[in-house]
Amino acid sequence: MRILYGVVGEGMGHATRSRVLLEELTREHEVHIVVSGRAQEYLSRSFQNVHGIWGLTLAYEGNSVKKWQTVLQNLQGAVTGWPKNVRQYFELVETFRPEVVISDFETFSYLFAKAHRLPVISVDNMQIINRCRHESELLAGYEDAFEGTRAIVKGKLPGAFHYLITTFFYPPVRKERTTLAPSILRPEILAAKSEPGEHLLVYQTATTNTRLPEILQQSGLPCRIYGVRRQITEDQVEGNLTYRPFSEKGFIEDLRTARAVVAGGGYTLMSEAVYLHKPVLSIPVEGQFEQIINGLYLERLGYGMHARHLTGEALGEFLSRVPRCQEALKGYVQEGNSKMLAALREQLGRAYEYRGHWRAEMAEQD
């Protein structure tokens, strides 16, 4: 079948997850990909028919999202971005004519599907916020953030044909057309053999978090740090801290041999660490509840610890918990990507067979 696959470009987790699914899909189907941001270059290295579009971005300061700066940044980008998206829209209509749409939290592909009454399969980790039930005790202190984020997630891809949610935690599902499946892991992670080590793997995407080095130095542990100095081309060593340029191979090597991981609340790295049985200290970006809920469930399961801010006290508490987390992680087992791939194939088959009825239903709703 002809599939339009949309990938949101904010953060690379969506792209690495989508790469795994696209490698399977392109073997059997004709697929065109619409993607924004850094994810476009990443996916273009592996696939043909990658269409660059404009997408929303977030502005950071320290370890928090700056709301007004984000608004201004996106208003400026929209001036040149929307005309580009319109051109891509008409090119896809005239030359490709997709039959089914898959969206990884991406709006362009979703709107394209709605305009042409095509079934949309949602594949992401975000919809767990809206489509599952979460205990009030877990959300204590975050109620307003939860409700606000749930409204945004609910409004992102409403009325999809089916929602496939990738996850390592399993709250009760509260909505129909929803399937929870284990995390989508890249082949390099599946092939990695977890081994014990002494160093901390530190991944920080907000380069303006200036307190990070001082706190890590005080720990006295060797720390291999990614993301803070993005322009470096070789290791920079400062005492027990080693700043490393990004290398997929080097990063996975440092992850599989780490004692533990210190990172934000991003789902992709957290799910990879859980699979490799590495405890995680999660410090979510302020203002991003989707990262907070990942950290809350991580701590509830005993796989790591959630902290609002990185402090010497928080890091010390986490390090004292590492042995218990390692014990809890021994119970996590995942058979590759087989369950998610099987679920995706099933829903694609259903969507393809149902597409005529879907057009009729959409017309009735209009």
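In what follows, the structure referred to is the one given above.
Attention in this report is confined to the structure presented alongside it. In this text, all values refer to a predicted model and were calculated from it rather than measured experimentally. (Residues numbered from 1 in each chain as written. Predicted model: local features only at pLDDT ≥ 70, side-chain atom pairs only at ≥ 80, totals over all residues. Heavy atoms only, no water.)

## Describing the packing of aromatic side chains
Here is step 1: Under the definition given, this model contains twelve aromatic pairs.
Here is step 2: Between Phe161 and Tyr354 the ring centres are 5.9 Å apart and the planes differ by 50 degrees, which places this aromatic pair in the tilted class. Placement of Phe161 in the loop between α7 (143-156) and β8 (162-167) and of Tyr354 in helix α14 (residues 338-365) is noted, with a sequence separation of 193 residues between them.
Here is step 3: A residue is classified by how much of its surface remains accessible, and Phe161, at 5% relative accessible area, is buried.
Here is step 4: Put simply, the rings of Phe168, Phe169, Tyr267, Tyr297, Tyr303 and Tyr332 touch in pairs and so form one group of aromatic residues.
Here is step 5: We note Arg131 situated over the ring of Tyr163; from NZ or CZ to the ring centre the distance is 3.7 Å.
Here is step 6: Above the ring of Tyr243, the side-chain terminus of Arg229 is found at 3.7 Å from the ring centroid. (Phe/Tyr/Trp six-rings, centres within 6.5 Å; stacked < 30°, edge-to-face > 60°. Helix = DSSP H or I, 4+ residues; strand = E, 2+ residues; numbered from the N terminus. Buried < 20%, exposed > 50% of the residue type's maximum accessible area, 1.4 Å probe, protein only. Lys NZ or Arg CZ within 6 Å of the ring centre and 35° of its normal.)

## Some points on the pairing of strand β11 (residues 223-226)
Here is step 1: The pairing of strand β10 (residues 200-203) with β11 spans four bridges and is classified as parallel. Following the sheet pairing, Val202 is matched in β11 by Ile225.
Here is step 2: By the bridge criterion, three bridges tie β11 to strand β13 (residues 241-243) in an arrangement that is parallel. Within β13, the position partnered with Cys223 by the bridge is Leu241. (Pairing = 2+ DSSP bridges.)

## Some words on empty space enclosed by the protein
Here is step 1: Counted by the stated rule, this structure contains two cavities of 30 Å³ or more.
Here is step 2: Of the pockets and cavities examined, the largest cavity occupies roughly 60 Å³.
Here is step 3: Of all the secondary-structure elements, those providing two or more residues to the lining of the largest cavity are α1 (13-28) and α11 (267-275).
Here is step 4: Among the residues making up the lining of the largest cavity, the classes are represented as four nonpolar, four polar and three charged.
Here is step 5: Mapping the lining of the largest cavity onto the domain boundaries places at least three of its residues in each of domain 1 (2-185 + 336-362) and domain 2 (188-331).
Here is step 6: If you trace the second largest cavity, you find it lined by Glu24, Leu25, Glu28, Leu341, Leu344 and Arg345.
Here is step 7: Listing elements by their share of the lining of the second largest cavity, those giving two or more residues are α1 and α14.
Here is step 8: Grouping the constituent residues of the lining of the second largest cavity by class yields three nonpolar, no polar and three charged. (1 Å grid on protein atoms, 1.4 Å probe; cavity = no way out; pocket = protein on both sides within 12 Å on 5 of 7 lines; lining within 4 Å. Points joined across faces, edges and corners; volume = space filled by probe spheres on them. Nonpolar A, V, L, I, M, F, W, Y, C, P; charged D, E, K, R; others polar. Domains from an automatic or database assignment.)

## With respect to helix α4 (residues 107-115)
Here is step 1: Along α4, the positions that sit buried rather than exposed are Phe108, Ser109, Tyr110, Phe112 and Ala113.
Here is step 2: Between the side-chain oxygen of the N-cap and the backbone nitrogen of Phe108 there are 2.7 Å, and the N-cap of α4 in question is Glu106. (Polar contact = N/O pair within 3.5 Å; in protein donor to acceptor, adjacent residues only side chain to side chain.)

## Considering the sheet that holds strand β7 (residues 120-124)
Here is step 1: Strand order across the open sheet formed by seven strands is β3-β2-β1-β6-β7-β8-β9, with parallel pairing between neighbours. Every interior strand has two partners, whereas the edge strands, β3 (50-52) and β9 (178-182), have only one. Across this sheet, the average inter-strand angle for adjacent strands is 20 degrees, counted without regard to direction.
Here is step 2: Pairing between strand β1 (residues 2-7) and strand β2 (residues 30-35): six bridges, direction parallel. Looking at β2, one finds that Ile3 is bridged to Val31.
Here is step 3: Docked against the sheet, α4 engages β1, β2, β6 (100-104) and β7, running at close to 155 degrees with respect to β6. (Axes fitted to C-alpha atoms, helices over the stretch in contact; angles between N-to-C directions. Contact = heavy atoms within 4.5 Å.)

## Considering the pattern of salt bridges
Here is step 1: A full pass over the atoms with the stated rule returns 22 salt bridges.
Here is step 2: Two residues, Arg256 and Glu195, come together in a salt bridge whose shortest N-O distance is 3.2 Å. Within this pair, whereas Arg256 is found in helix α10 (residues 248-256), its partner Glu195 is found in the loop between α8 (187-191) and β10, the two being separated by 61 residues in sequence.
Here is step 3: A salt bridge links Arg244 to Asp235; the shortest N-O distance between them is 3.2 Å.
Here is step 4: Look at the salt bridges and you will find they share partners, linking Arg19, Glu23, Arg186, Glu188, Glu248 and Glu272 into a network. (Salt bridge = Lys/Arg side-chain N within 4 Å of Asp/Glu carboxyl O.)

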